[in-house]
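# Commentary on secondary and tertiary structure
Here is what each chain is made of, one letter per residue.
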Amino acid sequence: MDYISSPVVGVVMGSSSDWDVMSHAASILESFDVPFESKVISAHRMPKEMFDYASEAHDRGLKAIIAGAGGAAHLPGMIASLTEVPVFGVPVPSKYLSGEDSLLSIVQMPKGIPVATFAIGEAGATNAALHVLANMALFDNTLRHKLLSFRKSQTDKARNMKL
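Each value, and the rule that gives it
Residues numbered from 1 in each chain as written. Predicted model: local features only at pLDDT ≥ 70, side-chain atom pairs only at ≥ 80, totals over all residues. Heavy atoms only, no water. UniProt positions renumbered as here; feature names shortened; annotations may be inferred. Helix = DSSP H or I, 4+ residues; strand = E, 2+ residues; numbered from the N terminus. Buried < 20%, exposed > 50% of the residue type's maximum accessible area, 1.4 Å probe, protein only.

As recorded in an unreviewed UniProt entry, the protein chain goes by N5-carboxyaminoimidazole ribonucleotide mutase and comes from Candidatus Kinetoplastidibacterium galati TCC219. According to the UniProt record, the Pathway (unreviewed entry) comment for the protein chain reads "Purine metabolism; IMP biosynthesis via de novo pathway; 5-amino-1-(5-phospho-D-ribosyl)imidazole-4-carboxylate from 5-amino-1-(5-phospho-D-ribosyl)imidazole (N5-CAIR route): step 2/2."

Okay, structure coming up:
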């Protein structure tokens with residue numbers, strides 16, 4: 001698959017304060033040269049924009065959406081209910097419940113509306129992006145080789161650790 005400059009992955013979040021976490025997903029996508037878009041789309045403050053974004057995602061060429069949200073964390077599930085594009089949910093740590101509320105809101109989707117849910121915070125954002133890449137690599141040998149190289153470098157780093 002030869003990607004042009006148009007985004008193939010959406011990285012969306014409920015608030016600009018979520019960028020500290022979601023930037024980790026963007027960084028991974030960037031390091032693999034996969035075009036993406038990042039934007040704030042609040043499920044509660046921007047429901048029309050969220051509806052338009054999700055319902056037009058496939059026609060705009062998006063192959064995946066990584067959606068991060070804190071608190072009530074409705075964004076990933078609402079987007080998943082409006083598109084056939086796979087949604088990867090990232091719980092963002094919240095002020096009062098440390099992201100556990102977000103995790104439960106994202107992971108506990110009703111049968112028939114799947115959201116792949118990841119760990120709370122930076123690890124979740126990173127792994128969501130890597131999971132998107134692994135899915136895309138099934139149909140893209142160049143991306144597959146980049147992913148294999150990335151995994152090998154992680155293994156090499158661990159093997160070379162000194163105590």
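Quick look at the UniProt feature "binding site: substrate" (unreviewed entry) in the protein chain now. Mapped onto this numbering, the UniProt entry gives "binding site: substrate" (unreviewed entry) at Ser15, Asp18 and Arg45. Among the secondary structure elements, aspartate 18 is positioned in the loop between strand 1 (9-13) and helix 1 (19-31). Checked against the element boundaries, arginine 45 lands in the loop between strand 2 (36-40) and helix 2 (47-56). Looking at arginine 45, the relative accessible area reads 66%, which means it is exposed.

Here we take up unusual backbone geometry. In the Ramachandran plot, aspartate 33 falls in the positive-phi region, its phi being about 60° despite a non-glycine side chain. Taking relative accessible area as the criterion, aspartate 33 reaches 56% and is therefore assigned exposed. Backbone geometry at alanine 73 places phi at a positive 55°, although glycine is not the residue there. Tracing the sequence through the fold places alanine 73 in the loop between strand 3 (64-69) and helix 3 (75-82). Given a relative accessible area of 3%, alanine 73 falls into the buried group.

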